[in-house]
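# Architecture at a glance
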Amino acid sequence: MYIYNYKAYRGKAIIQGEILGETKEEIVTYLREHALTPIYITKKKRYRKQKGTNKELALFFKEWSALLMAGIPVDSSLPLLYAYRKRTSHLVLQQLERDVTGGKSISEAMRKSQWFPSFASALVHIGEESGTLAEQMHILATWFLQQASYRKKLLYSLVYPCFVLCLSLLFFFIAMFWILPAFSSLFTSLSIPIPLLTHIMLQMGVFFKTYIGWIGGFFLLLILFFYGYAKTTKGKEQKARFLFRCFWFRNLYTLRWTQALSYLLRAGYILSEALRQAAYVTDNEEAERQVLDMAMQVERGEPFGEVVQKSDFNRGFIVQLITIGMGSGKLPTSLEQIATLLAKESQGQIEKLTVWLAPVCILLSGLLTACLVASIIFPLFAGITHIF
């Protein structure tokens, strides 16, 4: 699929913009169907499919749900949704409207675009079949809003400590490069003996000043190497395994698939198929693989509680609640309880991280500043002692 630039007449007005399509003929047909007379159409570049962010998806489903609940038909609501959006989402939703008006179901058009997670298209498909499309979209809006909120809280907890540490490191290197050498010349001219700490700091400054190009080049190459390796298949697998082994991230992946699974089961999916759809919301290849393995085991007839117990998602309260849910016939409720508990636990972990990280960064900043001040104060005291 390609991005095309077009210019066309609508009556006496001239309209121009961008549109997705395979061929110029397809674009011409679409424009004429919308009462536009093409002036020119040029191919710009190949369109690279990408997934929407949690924030974009939450806003989209919230607005669409509100329009449908207000009684606006699907084909009339889509143009209202993409009219004022940024370029990428505008193109995707414009193509979605063309597919829907061309005869595809909404879920089929969503799967084709690849902008929506498969979990979203699965719930929309249930909404189309059961006549609860607006309700399913409201559920999706809530879901994506929660995911965006978790990420936002984590980022906000890291901003202040990282800013303080980076600012301190910047001041430290500026002092080593320019401030300390100036004082060193003064101490030498006054025949003031230079203490060991000051001597070490000066030598560090000389070393960094002499080899700054090599050091910068080395770190740049190192960053480029790791960035390139992370893009390879093997690099992606190792990154996914590393993140999955981290307790906080594994909690987050468990929260995602359990909550998605509860929505899918309430919507009418059977357990094995719901697990397959829920696997893709984890956003981690290792977690996805393990959830898909669980789906296969459930399909073979193994009890769901035992399947979870054998997996790396095994935690006492998770297995216990799933077993209770299977026994009572209220598995979606049990899964929601698991997601709620994991959300509270994740929130507590973020708060602990903030509580510990900020003082640690401030302490490191204080130590760096103390070293710099001591490197200047000690020779001054030695000089005063030498004079008197």
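See the structure above.
Notes on the structure follow. Since the structure is predicted, the reported quantities are computational estimates derived from the model, not experimental observations.

What follows covers the pairing of strand β2 (residues 13-21). Working note: regular strand, side chains alternate between the two faces of the sheet. When strand β1 (residues 2-10) meets β2, the two strands line up antiparallel, connected through nine bridges. Looking at the pairing, Y9 lines up with I14 of β2. What sits between β1 and β2 in their antiparallel hairpin is a turn of two residues, with G11 showing a positive phi close to 70°.

This paragraph deals with helix α11 (residues 271-279). Turn by turn, an α-helix covers 3.6 residues, leaving residues three or four places apart pointing in a common direction. The element α11 is extensively covered by neighbouring structure, given that seven of its nine residues are classed as buried. Of all the positions in α11, only L271, S272, A274, L275, Q277, A278 and A279 are classed as buried.

Quick look at helix α9 (residues 233-245) now. End to end, α9 covers 19 Å across 13 residues, agreeing with the expected 18 Å (1.5 Å per residue, within 8%). Buried within α9 we find G235, A240, L243 and F244. The buried residues of α9 occupy one face: seen down the axis, they fall within an arc of 165°. Across from the buried face of α9, at angles greater than 90 degrees, the exposed residues are K234, F242 and R245. Where α9 is buried, its residues meet α8 (196-231), α10 (247-267) and α12 (285-299).

With that settled, the discussion passes to the packing of aromatic side chains. By convention here, two paired aromatic rings are described through the distance between centres and the angle between planes. Following the criterion strictly, the structure yields 16 aromatic pairs and no others. Where W115 meets F116, the ring centres are 5.1 Å apart and the plane angle is 90°; that geometry is what we call edge-to-face. Neither W115 nor F116 differs from the other in exposure class; each is buried. Here a set of aromatic residues connected by ring pairs shows up, and it is made of F60, F61, W64, W115, F116 and F144. When the ring centre of F244 is taken as reference, the NZ or CZ atom of R250 above it lies at 5.8 Å.

This next bit is on the nonpolar core. Counting 88 residues, the largest nonpolar core has F61, F116, W257, L261 and F304 as its most contacted members. Broken down by element, the residue count for this core peaks at 11 residues, all from α10. Each residue touching W257, except ones within four places of it in the same chain, is listed here: L275, A278, V281, T282, V291, M294, F304, V308 and F313. Counting 11 residues, the second largest nonpolar core, distinct from the first, contains L180, M201, F208 and I215.

What counts as what
- Numbers given for residues are sequential positions, taken from 1 along each chain in its written order.
- In view of the model being predicted, local features appear only for residues whose pLDDT reaches at least 70, and side-chain atom pairs are presented and counted only at 80 or more, with totals across whole chains, interfaces and linings using the full set of residues.
- Computation of side-chain values covers all heavy atoms of the structure but excludes hydrogens and water.
- Following DSSP output, two strands are said to pair if at least two bridges run between them.
- Starting at the N terminus, helices and strands are each numbered in turn, a helix being any DSSP run of H or I of at least four residues and a strand any DSSP run of E of at least two.
- With a 1.4 Å probe rolled over the protein chains alone, any residue whose accessible area is under 20% of its type maximum counts as buried; one over 50% counts as exposed, and the rest are partly exposed.
- Expected span of a helix, by definition, is 1.5 Å for each gap between consecutive residues, and there is one gap fewer than residues.
- Regarding the arc, it is the one traced by the directions from the helix axis to the C-beta atoms.
- The contact criterion used throughout is that any non-hydrogen atoms of two residues lie within 4.5 Å.
- Paired rings are identified among Phe, Tyr and Trp, the last through its six-membered ring, by centres lying within 6.5 Å, and are further divided according to the angle between planes into stacked (under 30 degrees), edge-to-face (over 60) and tilted (the rest).
- Consider the ring centre and the ring normal. A charge sits over the ring if Lys NZ or Arg CZ is within 6 Å of that centre and within 35 degrees of that normal.
- The definition of a nonpolar core used throughout is a set of buried Ala, Val, Leu, Ile, Met, Phe, Trp, Tyr and Cys residues joined through side-chain atoms within 4.5 Å.

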